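Chain by chain, the residues run as shown.
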Amino acid sequence: MNAQQELPGSYWLETAPGGEPAPPPSRDLAVDVAVVGGGMAGLSTAWELVRRGHEVAVLEAGRIAGGVTGRTTAKLTALHTLVYDRLRRTRGREGARLYAHSQSAAIRRAAETVEEVGIECAWEEAAACTYAEDPRHVPQLRAEAEAAREAGLPAGFVTGTELPYPVAGAVRVTGQAQFHPVKYLLGLTEELRRRGGIVHEGTRVTGLTEGTPCVLTTDAGVRVRAREVVVATHHPVFDRALLFTRLSPRRELVVAGTLGADRAPRDMYITTEQNTRSVRSAPHTDGTRLLIVAGEHFTPGTADVEERFGRLAAWAESRFPGLALSHRWATQDNDSTDSVPLVGPLHPGSHHAYVATGFGGWGLSGGIMAGELIADLVEGRKPEWADLYDPRRLGSVVREGWSFLKNQAHVAQHFVGDRLPSVTTPSPEELAPGDGAVLRVGGHRYAFHRDGGGLLHAVSARCTHLGCIVAFNRAEQAWECPCHGSRFAPDGRVLQGPAVRPLEKREV
Ligand code: FES
């Protein structure tokens, strides 16, 4: 194990571990609204509804904020890389305006919540910048600055930044924010419970029957009856509208370390160059700040993650001399085919079930926006941006044609290609401790893993979502499905959906 591998995981989760887990329900429950998922979107929805007097239960499979929210870079901004120039072409100027307006409203809502609840979450106002080092990208940045300004954001094109390396240009939007996402959600959860909201952790929801009321079943066999259900599980675990065909999973790596406060950038940065580089800093100890750098994205199950971590760390150390790396972790996003999140009714015939997904790496402002939007829909109101985000949006598949087809081709490649006989088939004996491989045994694909103690374990390599073949991510010790991003522990337990059932155990 090298030095990089020994670094701890998410800084946010380490510095806000939470208290004792809220136990799963011991008996059946009945509430007004059941929210599945305790990340930013789920808890924001629960918060809005509890404030409006509804009885709400949040059911989280792991710990509150312990999934993607606890592993983001925690930027709260309406500038989502280069979305506005694209939106004004695909959804028109009004679509771009509604996007900017709704995302900005979410940031203001988060600021109000911090103030109202008194949450200590290292909140800082900052500008957000999308930059490029290559002068050939300047026209694209100028177009984005113009589109963002036209959409109503305080945006401009600049040629200088505080970054310690030259840039050819940047779109800069002022009045955005950054914070500690786990402290924010834990503070929100505490207040939610104080106001009568119910929270259960370690509670995986495995079944949904829509009706009046809807009925959820959990892995412990408990049933939760609710007038309305909100599926906020990052990738929806209940997906009757086949939303998975319009989402592509993207895994992204993060490294963080301390830097002299006088050398750390105060604004938030992102570039699409070098396979994406996202940079921000957070308050740390006296005299230092924590520099957080993300990038090196890839489809789950398709990359040498250790090599990519090395590349990202080397980039951060060379661009920020004096950086002492202390943490590294990975996160996962779902990109929608038209770059707009899917928030609204779960499927065309749905009257009491809602979904929030497809935030494409911008799930903090997106999740807070989704919370307000779904709370309005539950109460029979329709904010002006509801149609923009509606998962049933008309003509969407036509507009998304190319991205949609690319997604399907990628999935088909893994679904069919993974079933073809492999050319080289190492034997399980060749696996080193900590390694894993998918091998063919008697016509079936087994996922073998050798643990640190040298023992060999095997589970089925067939993902329990829709049957694609998983691949091993050695750096994170997880089986990953390249089709829709489900992730499993070496022993087959579900780490991340859309799968809700573990990989089946196999005899070695
Ligand atoms: Fe869909 Fe694996 S996540 S098949």
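Shown above is the structure to which this text applies.
Quick look at the structure, then. Counting starts from 1 at the beginning of each chain's written sequence and moves along it residue by residue. In keeping with the model being predicted, local features are shown solely for residues with a pLDDT of at least 70 and side-chain atom pairs are shown and tallied solely at 80 or more, while totals for entire chains, interfaces and linings include all residues. Water and hydrogen atoms play no part in the side-chain values, which are based on all heavy atoms of the structure.

### A few points about the overall build of the protein chain
Turning to step 1, where the next piece is worked out: Check the secondary structure of the protein chain and you find 11 helices and 24 strands.
Turning to step 2, where the next piece is worked out: Based on C-alpha atoms, the radius of gyration is set beside the globule rule, defined as 2.2 Å times the residue count to the power 0.38. Over its C-alpha trace the protein chain gives a radius of gyration of 22 Å, about what one expects of a compact globule, namely 23 Å for 508 residues.
Turning to step 3, where the next piece is worked out: When burial is assessed residue by residue, the protein chain has 57% of its 508 residues classed as buried.
Turning to step 4, where the next piece is worked out: What makes two residues a contact is simply this: any of their non-hydrogen atoms within 4.5 Å. Long-range contacts, defined here as pairs at least 24 residues apart, represent 70% of the contacts in the protein chain between residues at least 6 apart.
Turning to step 5, where the next piece is worked out: Here the accessible surface of atoms and residues is derived via Shrake-Rupley with a 1.4 Å probe, and residues count as covered only by protein chains that are part of the display. About 20100 Å² of surface is accessible on the protein chain, with carbon and sulfur atoms providing 52% of the total.
Turning to step 6, where the next piece is worked out: Charged side chains of the protein chain number 56 positive and 59 negative; the gap between the two group centres comes to 4 Å. The secondary structure listing takes helices from DSSP runs of H or I that are at least 4 residues long and strands from runs of E that are at least 2 residues long, numbered from the N terminus. Relative accessibility under 20% of the residue-type maximum defines a buried residue, over 50% an exposed one, and the middle range a partly exposed one, all with a 1.4 Å probe and only protein chains included. In this tally Asp and Glu are treated as negative and Lys and Arg as positive; neither His nor the chain ends contributes. Working definition for charges: the position is that of NZ of Lys, CZ of Arg, CG of Asp or CD of Glu.

### What about the state of the cysteines?
Turning to step 1, where the next piece is worked out: For the purposes of this analysis, a disulfide is any pair of cysteine sulfur atoms at a distance within 2.5 Å. In the structure shown here, the tally under the stated rule is 1 disulfide.
Turning to step 2, where the next piece is worked out: Here Cys 468 is linked by a disulfide to Cys 483, with a sulfur-sulfur distance of 2.0 Å. Because the torsion about its S-S bond is -85°, the bridge between Cys 468 and Cys 483 counts as left-handed. Here Cys 483 lies in the loop between β22 (478–480) and β23 (487–488) and Cys 468 lies in the loop between β20 (456–460) and β21 (471–473), a separation of 15 residues in the sequence. One exposure class covers both Cys 468 and Cys 483, and it is buried.

### Here's the deal with helix α5 (residues 138–150)
Turning to step 1, where the next piece is worked out: Helix span is expected to be 1.5 Å times the residue number reduced by one. Helix length check: α5, at 13 residues, gives a terminal C-alpha distance of 18 Å against a target of 18 Å (1.5 Å per residue), a fit within 8%.
Turning to step 2, where the next piece is worked out: At its buried positions, α5 is contacted by α3 (83–90), β4 (124–132), β5 (155–158) and β6 (169–178).
Turning to step 3, where the next piece is worked out: The first or second residue beyond α5 is Gly 152, which carries a positive phi of 110°.

### Here's the deal with the pattern of salt bridges
Turning to step 1, where the next piece is worked out: We define a salt bridge as a side-chain nitrogen of Lys or Arg found within 4 Å of a carboxyl oxygen belonging to Asp or Glu. Scanning the entire structure with this criterion turns up 46 salt bridges.
Turning to step 2, where the next piece is worked out: Across the pair Arg 89 and Asp 85 runs a salt bridge whose closest N-O atoms are separated by 3.7 Å. Taken together, the residues Arg 89 and Asp 85, both in helix α3 and 4 residues apart, mark about one turn of the helix.
Turning to step 3, where the next piece is worked out: Since its relative accessible area comes to 16%, Asp 85 is described here as buried.
Turning to step 4, where the next piece is worked out: Between Arg 88 and Glu 146 there is a salt bridge, and its shortest N-O distance comes to 2.9 Å. On the criterion of sequence distance, the pair formed by Arg 88 in helix α3 and Glu 146 in helix α5 is long-range, its members being 58 residues apart.
Turning to step 5, where the next piece is worked out: With a relative accessible area of 38%, Glu 146 lands in the partly exposed category.
Turning to step 6, where the next piece is worked out: Residues joined in a network through salt bridges with shared partners are Glu 48, Arg 52, Arg 109, Glu 112, Glu 372, Asp 376, Glu 379 and Arg 381.

### Comments concerning unusual backbone geometry
With the exception of glycine, most residues fall at negative phi, and the peptide bonds are largely trans.
Turning to step 1, where the next piece is worked out: The linkage connecting Thr 212 with the following residue, Pro 213, adopts the cis geometry, with an omega of 5°.
Turning to step 2, where the next piece is worked out: Following Gly 497, the chain continues to Pro 498 via a peptide bond in cis, the omega torsion being 25°.
Turning to step 3, where the next piece is worked out: Structurally, Pro 498 can be placed in the segment after β24 (494–496).
Turning to step 4, where the next piece is worked out: Phi angles above zero are rare outside glycine, and Leu 242 is one such case at about 55°.
Turning to step 5, where the next piece is worked out: The residue Leu 242 is located in the loop between β10 (223–231) and β11 (247–260) in this model.
Turning to step 6, where the next piece is worked out: Taking relative accessible area as the criterion, Leu 242 reaches 46% and is therefore assigned partly exposed.

### Some words on the sheet that holds β23
Turning to step 1, where the next piece is worked out: By definition, two strands form a pair when at least two bridges between them are found by DSSP. If you walk across this open sheet you meet the 4 strands as β21-β22-β23-β24, and the pairing is antiparallel. Among the strands making up the open sheet, the edge pair consists of β21 and β24.
Turning to step 2, where the next piece is worked out: Where β23 lies against β24, 2 bridges are found, and the strand directions are antiparallel. For Phe 488, the partnering residue across the bridge sits in β24 and is Val 494.

### Examining the pairing of strand β19 (residues 444–450)
Turning to step 1, where the next piece is worked out: Extensive coverage of β19 is indicated by the burial of 6 of its 7 residues.
Turning to step 2, where the next piece is worked out: Sheet topology note: the strand β18 (residues 436–441)/β19 ladder contains 6 bridges and is antiparallel. Bridge pairing in β19 links Gly 436 to His 449.
Turning to step 3, where the next piece is worked out: Adjacent in sequence and paired antiparallel, β19 and β20 are bridged by 5 residues, among which Gly 454 carries a positive phi angle near 95°.

### Focus: the packing of helix α4 (residues 92–117) against helix α6 (residues 181–194)
Turning to step 1, where the next piece is worked out: Where α4 contacts α6, the axes come no closer than 11 Å and their chain directions differ by 55°. By the angle between their directions, the pair α4 and α6 is classed as oblique. Judged by the sense of rotation from one axis to the other, the crossing of α4 with α6 is left-handed. Along the contact surface, α4 presents Ala 110, Thr 113, Val 114 and Val 117, while α6 presents Tyr 184, Gly 187, Leu 188 and Glu 191.
Turning to step 2, where the next piece is worked out: Under the convention adopted here, Pro, Cys and the residues Ala, Val, Leu, Ile, Met, Phe, Trp and Tyr are nonpolar, Asp, Glu, Lys and Arg are charged, and Gly plus all remaining residues are polar. Residue composition of the contact of α4 with α6, grouped by class: 5 nonpolar, 2 polar and 1 charged. For helices, the axis comes from a line fit to the C-alpha atoms of the stretch in contact; other axes are also lines fit to C-alpha atoms, and the angle between any two N-to-C directions lies between 0 and 180 degrees. Any angle from 65 to 115 degrees is called roughly perpendicular, while one under 35 is roughly parallel, one over 145 is roughly antiparallel, and all others are oblique. Take the far helix as the reference: if the near one is turned anticlockwise from it by less than a right angle, the crossing is left-handed, and if turned clockwise, right-handed.

### Looking at the sheet that holds β18
Turning to step 1, where the next piece is worked out: Pairing is antiparallel in the open sheet, where 3 strands are placed in the order β18-β19-β20. Either end of the sheet is taken by a strand with one partner, and the two such strands are β18 and β20. Across the sheet, the mean angle from the axis of one strand to that of its neighbour is 35°, orientation sign disregarded.

### Concerning the layout of surface pockets
Turning to step 1, where the next piece is worked out: Here the second largest pocket is characterised by a volume of approximately 280 Å³.
Turning to step 2, where the next piece is worked out: In this structure, the second largest pocket is lined by 15 residues; those nearest its centre are His 444, Arg 445, Ser 460, Arg 462 and Arg 506.
Turning to step 3, where the next piece is worked out: The dominant element in the lining of the second largest pocket, judged by the number of residues it contributes, is β19, at 3 residues.
Turning to step 4, where the next piece is worked out: Here the residues of the lining of the second largest pocket are counted per class, giving 4 nonpolar, 4 polar and 7 charged. Here a cavity denotes grid points, spaced 1 Å and computed from the protein atoms alone, that fit a 1.4 Å probe unable to get out, and a pocket denotes an open set having protein on both sides within 12 Å along at least 5 of 7 lines; residues with an atom within 4 Å of a point are the lining. Grid points are joined across faces, edges and corners, and a volume is the space filled by probe spheres set on the points.

### Remarks on the nonpolar core
Turning to step 1, where the next piece is worked out: Counting 82 residues, the largest nonpolar core has Tyr 84, Tyr 184, Val 343 and Tyr 389 as the members making the most contacts within it.
Turning to step 2, where the next piece is worked out: Residues Val 167, Ala 170, Leu 253 and Val 279 belong to the second largest nonpolar core, which totals 25 residues. Take the buried residues of types Ala, Val, Leu, Ile, Met, Phe, Trp, Tyr and Cys, join any two whose side-chain atoms come within 4.5 Å, and each joined set is a nonpolar core.

Function-wise, these values are silent; they only describe arrangement.
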